[in-house]
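Reading the structure
Here's the letter readout for the chains.
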Amino acid sequence: MLQIESVSKQYSTKVLLTDASAHLRPHTRVGLVGPNGAGKTTLFRMILGEESPDKGSIRVRPRLRIGYLPQELDTIIGKTVLEAAHRNEFPEHEAKRILMGLGFSVADFDRPISTLSGGYRMRVALAHLLLSHPDLLMLDEPTNHLDKPTQRWFENFVLDSGITLLVISHDTAFLDRVVTHIWELRHHKIEEYRGNYSTFRRLRAERDAHLEAAAARQAKEIARVQKFVDRFRYQANKASQVQSRLKQLEKIKRIELQRDPKRFRFRFPEPLPSGRQVLDLVGVSKRYGDKVVYESLNFSVERGQRVAVVGENGAGKSTLLKILAGVLPPDSGTRLVGHGVTLHYFAQHQAEALNPEHTILESLEEVSAHAEINFLRGIAGAFLFSGQEQKKPIKALSGGERNRVALARMLVEPANTLLLDEPTNHLDPASVDVLTDALATFPGTIVFISHDPTFLARVATHVVEIENGQGRVYHGNYEYYLWKKAQELESLGESAEELTGKPRKTAVEPTRALAQQSPAAPTSEGSTRRALTKTQARLEKQVARLEAEIAHLEEKVNAREAELANPDLYHDFGKWNLLHQEQEGWKRDLDRLTARWESLSAELEDVKHKLTAWS
């Protein structure tokens, strides 16, 4: 289907590929991974014929239909959502089905494209690609703007369609669920691995360990032979043996270990502290045309909190952050900024707002007219832009590199409050880890939006869920939020048990499972072991029950998926819509049950570990 043969590519002094080869086979789903700036998007452009290799060739099967979704969209053809999706070329009912799967409602079909956010425009473009039935689907960071239910639908669509997929993604969970192979851009080559992302990580570690061991054995053998040569070089009776060993050394093909680029580390500059009350919204309302986002919202943030704002796409999360940042005025209500508060706002498309003609250094200079050039060079270097790279124009950077520049700009001037909208988009996993470490140790206040569950779990100390124009506060971390949501779902099911006279079982918070024993409870080793054993048995029953419920729901969802795929149903869109909405409710229930299962399973493993320690 697609053959990459001995391709080399470089820009000025930056080498991307050297004699790289790979073969894309039909009906495979390949994840293209590698550090930011390694050349992933450039490889896509060469496959599409937008750029040419310096050496080598890329052969594409004749009449191959390629569907391509870039990171950034220029224009979308069509006045309304529905027109842009099917463009009068494909069945309208199929277009509606796919649009609804991607998070659009019936009311959205006639919405003008101009009123959509960047994320929803991306979904319209994705819908058009899926409707065009390409032989090869090439996607550059497709999940950046998808909420959990929409991403689950998209994954199922790709898996059920059997389409050949080549995708750039830093969403490792997505890669684990979808891909069959990994292509890694490493050391200017394309290294192929069979399996998903987790398998790739394991196989790469094994390959590296094997190579290092082989290199160590070789170095030891070379040292042994060299020692003999050095010892007997000038002894006539050993001349032939010395010559033999010298020839042996010349024939050895040395194993060269290539090191990966070092991971950068940074800390946000120490800011002056703010007052206790940082930001307050009182009675805030906001609407876009006929769409009411907030009617009377109250929202408060205190010093030192790291608040994750969560909710479905379109709930108003980004709007809330813009109002907090002061870049979007509310229609009514009051925004109050506390004493000594200094703000940095990182918008969802912050990297796109950078001046493309400016160099990296010039982009940093824009933020402060007083910063010394050596200080700015140091910040650029902290984000792995060194030497002449600091003079590269923004337009020559990859999406991840632009995000790194946008983050670097936040270090030029210290601020005690950070407002971050999807800061991990386009960052490779290593860069996400670095940003997570920096935010987890940041001494100020953070309000942020993210779809990355690991990032949410490590950074958030509080969670605010936006739903129906109101913010519900959860005074705990992201794990606590997931547990609380699962508990609420469980209580709905248990209320039915109460009506039938069955006793209600109360879920125990994971971090407090053993702390709720009475003060008079015995604390001997034997009683502690018994308590742990009882807890283990209870948790095993709860986990087993959840697994059965999840399996039952998954069967219902899959059966409904097959029902909705019936072309005869497309002619009765009203019926299709009702069945689809019911399925979406099942999927939301499935997400909540899965979150509950993950929480209880983690607690169960912790109890088992404690029991093992006691034995």
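Since the model is a prediction, treat every value here as computed from it, not as a measurement.

Broken down by element type, the protein carries 17 helices and 18 strands. Counting across all 615 residues of the protein, residues that qualify as buried make up 47%. Total accessible area on the protein stands at roughly 30,900 Å², and carbon and sulfur atoms take up 50% of it.

Further remarks concern the pattern of salt bridges. In total, this model carries 29 salt bridges according to the counting rule given. Across the pair E366 and R409 runs a salt bridge, and its minimum N-O distance is 2.9 Å. Of this pair, E366 sits in the loop between helix 10 (360-365) and helix 11 (373-382) while R409 sits in helix 12 (residues 399-409), placing them 43 residues apart in sequence. Here E465 and K485 are joined by a salt bridge, their closest N and O atoms 3.1 Å apart.

With their axes 9 Å apart at the nearest point, helix 3 (residues 92-101) and helix 5 (residues 148-161) run at an angle of 130° to one another. Overall, the two elements helix 3 and helix 5 adopt an arrangement that is oblique. For the pair helix 3 and helix 5, contact is made by R97, I98 and G101 and by T150, W153 and F157, respectively. Class assignment of the residues belonging to the contact of helix 3 with helix 5 gives a composition of three nonpolar, two polar and one charged.

Here we come to helix 5. Counted at 1.5 Å a residue, the expected span for helix 5 with its 14 residues is 20 Å, and the 20 Å between its end C-alpha atoms agrees. All buried positions along helix 5 are accounted for by P149, T150, Q151, W153, F154, E155, F157 and V158. One or two positions beyond helix 5, positive phi appears at G162, with a value near 70°.

Within this structure, the stated rule accounts for 11 aromatic pairs. Between Y480 and W483, the ring centres sit 5.6 Å apart and the planes meet at 40°, which makes this aromatic pair tilted. Of the two residues, Y480 and W483 are both situated in helix 15 (residues 478-499); the distance of three residues between them amounts to about one turn of the helix. Neither Y480 nor W483 differs from the other in exposure class; each is buried. Among the aromatic side chains, those forming a connected cluster through ring pairs are Y193, Y197 and F200. Directly above the ring of Y120 sits R123, whose terminal nitrogen or CZ lies 4.6 Å from the centroid.

By the definition in use, this model includes one cavity of 30 Å³ or more. In this structure, the largest cavity encloses a volume near 30 Å³. Around the largest cavity, the lining residues are H23, L24, R25, T28, V30, H181, W183 and E192. Those elements giving two or more residues to the lining of the largest cavity turn out to be strand 2 (14-24) and strand 8 (181-186). When its residues are assigned to classes, the lining of the largest cavity shows three nonpolar, three polar and two charged.

Judged by pairing direction, the sheet is antiparallel, and its three strands sit side by side in the order 2-1-4 without closing on themselves. What marks the edges here is a single partner per strand, and that holds for strand 2 and strand 4 (55-60). Neighbour-to-neighbour, the strand axes of this sheet turn through a mean angle of 20°, independent of strand direction. As paired strands, strand 1 (residues 2-11) and strand 2 are joined by seven bridges and run antiparallel to one another. Across the sheet, the residue bridging to Q3 is H23, located in strand 2. The strands touched by helix 1 (residues 40-48) are strand 1, strand 2 and strand 4; relative to strand 1, the strand with the most contacts, the crossing angle is about 125°.

Of all hydrophobic cores here, the largest spans 48 residues; its most connected members are I98, L99, F104, V124, L130, L139 and F154. Top contributing element to this core by residue count: helix 4 (residues 118-131), with nine residues. With residues near it in sequence (within four places) discarded, V124 still touches I76, V81, A84, A85, F104, I113 and L116. Ranked by size, the runner-up nonpolar core spans 44 residues in total, among them I360, L427, L435 and W483.

Turning next to the pairing of strand 1. Note that strand 1 and strand 4 share five bridges and pair antiparallel. When the bridges of strand 4 are listed, I4 appears paired with I58. As consecutive antiparallel partners, strand 1 and strand 2 are separated by two residues, and within that stretch S12 has a phi angle of approximately 55°, a positive value.

Here the focus is the side chain of H580. By the element assignment, H580 lies in helix 17 (residues 573-614). With residues up to four places along the chain from it excluded, the contact list for H580 reads M100, G101 and L564.

A word on the sheet that holds strand 6 (residues 136-140). Taken in spatial order, the six strands make up an open sheet running 5-6-7-3-8-9, and their pairing is mixed. Looking at which strands have only one partner, the edges of the open sheet turn out to be strand 5 (66-69) and strand 9 (189-194). Taken pair by pair, the neighbouring strands of this sheet meet at an average axis angle of 15°, ignoring direction. Across four bridges, the pairing between strand 3 (residues 29-33) and strand 7 (residues 164-168) is parallel. Within strand 7, the residue paired with R29 across the bridge is L165.

A contiguous nonpolar patch, built from L211, I255 and L257 and spanning about 200 Å² of accessible area, is present on the exposed surface. Structurally, the position occupied by L211 is in helix 7 (residues 197-232). For L211, a relative accessible area of 37% gives the class partly exposed.

Once that is clear, we can look at the confidence of the model for the protein. Atom-level detail of predicted coordinates should not be read off regions where pLDDT is low. This prediction gives the protein a mean pLDDT of 82; 90% of its residues lie at or above 70. Confidence drops under a pLDDT of 50 for residues 498-508, and excluding neighbours within four residues, the segment shows 15 contacts in the predicted structure. Across residues 510-524, where pLDDT falls below 50, the model places 13 contacts with residues more than four positions away in sequence or in other chains.

A few words on helix 7. Over its 36 residues, helix 7 runs 52 Å from end to end, which matches the ideal 52 Å to within 8%, given 1.5 Å per residue. For helix 7, every residue scored as buried is listed here: Y197, F200, R204, A214, A215, Q218, I222, V225, F228, V229 and F232. Along its buried surface, helix 7 packs onto strand 3, helix 6 (172-178), strand 8, strand 9, helix 8 (239-251) and helix 13 (429-440). Looking at where helix 7 begins, the residue whose side-chain oxygen comes 3.3 Å from the main-chain nitrogen of S198 is N196.

Next up on the list: the packing of helix 7 against helix 8. Direction vectors running N to C along helix 7 and helix 8 enclose 150°, while the axes themselves pass 9 Å from each other. For the pair helix 7 and helix 8, the crossing hand works out as left-handed. Together, E221, I222, V225, Q226, F228, V229 and F232 of helix 7 and Q241, V242, R245, L246, Q248 and L249 of helix 8 make up the contact between the two elements. For the contact of helix 7 with helix 8, a count of residues per class yields eight nonpolar, three polar and two charged.

What counts, and where the lines are drawn
Residues numbered from 1 in each chain as written. Predicted model: local features only at pLDDT ≥ 70, side-chain atom pairs only at ≥ 80, totals over all residues. Heavy atoms only, no water. Helix = DSSP H or I, 4+ residues; strand = E, 2+ residues; numbered from the N terminus. Buried < 20%, exposed > 50% of the residue type's maximum accessible area, 1.4 Å probe, protein only. Areas by Shrake-Rupley, 256 points an atom, 1.4 Å probe, with all protein chains shown as cover. Salt bridge = Lys/Arg side-chain N within 4 Å of Asp/Glu carboxyl O. Axes fitted to C-alpha atoms, helices over the stretch in contact; angles between N-to-C directions. Parallel < 35°, antiparallel > 145°, perpendicular 65-115°, else oblique. Contact = heavy atoms within 4.5 Å. Nonpolar A, V, L, I, M, F, W, Y, C, P; charged D, E, K, R; others polar. Expected span 1.5 Å × (residues − 1). Phe/Tyr/Trp six-rings, centres within 6.5 Å; stacked < 30°, edge-to-face > 60°. Lys NZ or Arg CZ within 6 Å of the ring centre and 35° of its normal. 1 Å grid on protein atoms, 1.4 Å probe; cavity = no way out; pocket = protein on both sides within 12 Å on 5 of 7 lines; lining within 4 Å. Points joined across faces, edges and corners; volume = space filled by probe spheres on them. Pairing = 2+ DSSP bridges. Core = buried A, V, L, I, M, F, W, Y, C linked by side-chain atoms within 4.5 Å. Patch = residues over 30% accessible without salt bridge, like charges linked within 9 Å, V, L, I, M, F, W, Y side chains within 5 Å. pLDDT = per-residue confidence, 0-100. Polar contact = N/O pair within 3.5 Å; in protein donor to acceptor, adjacent residues only side chain to side chain. Left-handed = near helix turned anticlockwise from the far one by under 90°.

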